[in-house]
Amino acid sequence: MNDRTQAPAASPALGGPMLLAAKLPPHVWFGVSAVFHYLGPAFAVLLFPHVGVLGMAWLRIATAALIFAPLTRPWRTFARADPQTRLLLLAFGACLAVMNCAFYLALDRLPISLVAAIEFVGTIGVALVGLRSVRNLAALTIAVTGTLLLIDVKWSSDPLGLFWAFLNGALFVGYIVLGHRVARAGAGDGIAGLGAAMAVAFLVVLPIGFTDALPAFFSPPLLIAAIGVGICSSVIPYICDQLAMSRLPRSSFALMLSLLPVTATLIGVIVLRQIPGFSDCVGIALVVAGVAFHKPARTD
């Protein structure tokens, strides 16, 4: 299956927004995704004591599935898809479900810096696959160096936490590869495919975290907070990722993921008043320089 796999036509409800989205540079969509990539987990961790780790994962995916359903009509997407595309969407949905659960299970036991470090390791491999020049290899080296300065990795003695973190990292690579294949059919088709995949993800987690999620249905403030996490974590960033993936080579998108620690640092300054030190500032400068120095290939 190549990156040009054809997906069903996008829902008419998305036609107008997709035309507007196509006029904006893909880097804008990646930037929005990068911000919400960390806002969502920050809110989710606060809810773990109330709905449990898997309950939070259930609520996050359920929220996204319910929002996407009327917009993308996943039942029509599957009905019109050819067998190859259906397998792609099923695999993408299963990947989303297990990845989100593994991510939260890792965050419950390990510092987010360590989970982020392990997650970024896999993206390095994806970026390396598409590098076709000395310039891009140098750009990746600069970005990785800056990321390591930002992350300040400290290994944990929690083997179970490390297992979930490495599983999340491996599935994050799957998310990039599968998501890119869905997106390359076109921005509108990518969003429709994302909606279908999210419906699959909900079916996968349905029996896993439902019991833990029940308290949220008896507490309106808790339910509203959980819905907010779902929107921040699985609606806004995933849509923006699709819009960026549809117009960026896979290796370029993977390299740009090195900006995530930068956004995490900036969010820490603004929200948590965590002022970065000298090494953090050097790391930010190196990551920005690496991404700016990189030159995307015409094809991936």
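Residues numbered from 1 in each chain as written. Predicted model: local features only at pLDDT ≥ 70, side-chain atom pairs only at ≥ 80, totals over all residues. Heavy atoms only, no water.

Even after reading the chapter, I still don't get the environment of Phe43, so can you show me in this structure?
Tracing the sequence through the fold places Phe43 in helix α2 (residues 26–51). As for Phe43 and Cys232, which are separated by 189 residues in sequence, their C-alpha atoms are 8.9 Å apart. (Helix = DSSP H or I, 4+ residues; strand = E, 2+ residues; numbered from the N terminus.)

Would you explain the nonpolar core in this entry?
The tendency in soluble globular proteins is for nonpolar side chains to be buried side by side. Grouped together as the largest cluster of nonpolar side chains are 53 residues, with contacts concentrated most on Met56, Leu59, Phe92, Leu96, Tyr104, Tyr175 and Met198. With 13 residues, the top contributor of residues to this core is helix α5 (residues 83–107). With near-sequence residues (within four places) excluded, Met198 lies in contact with Ile61, Ala64, Ala65, Phe68, Leu96, Ser234 and Tyr238. Ranked by size, the runner-up nonpolar core spans six residues in total, among them Phe30, Ala34, Cys240 and Ala244. (Core = buried A, V, L, I, M, F, W, Y, C linked by side-chain atoms within 4.5 Å. Buried < 20%, exposed > 50% of the residue type's maximum accessible area, 1.4 Å probe, protein only. Contact = heavy atoms within 4.5 Å.)

In this structure, what is going on with unusual backbone geometry? I would like to understand it.
Of all residues except glycine, most have a negative phi; of all peptide bonds, most are trans. For Arg73, which is not glycine, the phi torsion reads 50 degrees and is therefore positive. Position of Arg73 relative to the elements: it lies in the loop between α3 (53–72) and α4 (74–80).

Whenever I open this one, the packing of aromatic side chains confuses me. Can you help?
How two aromatic rings sit relative to each other is set out by the distance from centre to centre and by the angle between their planes. Applying the stated criterion to the full structure yields nine aromatic pairs. Centroid distance Phe163 to Trp164: 5.1 Å. Interplanar angle 65 degrees. Geometry classified as edge-to-face. Assessed through its relative accessible area of 46%, Phe163 is described here as partly exposed. Where Tyr175 meets Tyr238, the ring centres are 5.4 Å apart and the plane angle is 40 degrees; that geometry is what we call tilted. Highlighted residues: Tyr175 in helix α8 (residues 159–183) and Tyr238 in helix α10 (residues 220–245), separated in sequence by 63 residues. Taken as a pair, Tyr175 and Tyr238 share a single burial class, namely buried. An aromatic cluster of at least three residues, connected via ring pairs, comprises Trp58, Phe202, Phe210 and Phe217. (Phe/Tyr/Trp six-rings, centres within 6.5 Å; stacked < 30°, edge-to-face > 60°.)

For this particular structure, what's the right way to read a nonpolar patch on the surface?
Together, Phe210, Leu214, Phe217 and Phe218 give the surface a local cluster of nonpolar side chains, amounting to about 420 Å² of exposed area. As for its placement among the helices and strands, Phe218 is situated in the loop between α9 (187–213) and α10. Its relative accessible area of 71% is what places Phe218 among the exposed residues. (Patch = residues over 30% accessible without salt bridge, like charges linked within 9 Å, V, L, I, M, F, W, Y side chains within 5 Å. Areas by Shrake-Rupley, 256 points an atom, 1.4 Å probe, with all protein chains shown as cover. Salt bridge = Lys/Arg side-chain N within 4 Å of Asp/Glu carboxyl O.)

Honestly, the pattern of salt bridges in this entry has me stumped. Any pointers?
Oppositely charged side chains can form a pair if their charged atoms are brought close together. Here the structure, examined in full by the defined rule, presents one salt bridge. Put simply, Asp158 and Arg109 hold a salt bridge, and the shortest N to O gap is 2.9 Å. With Asp158 in the loop between α7 (134–151) and α8 and Arg109 in the loop between α5 and α6 (112–130), the pair connects residues that are 49 residues apart, well separated along the chain.

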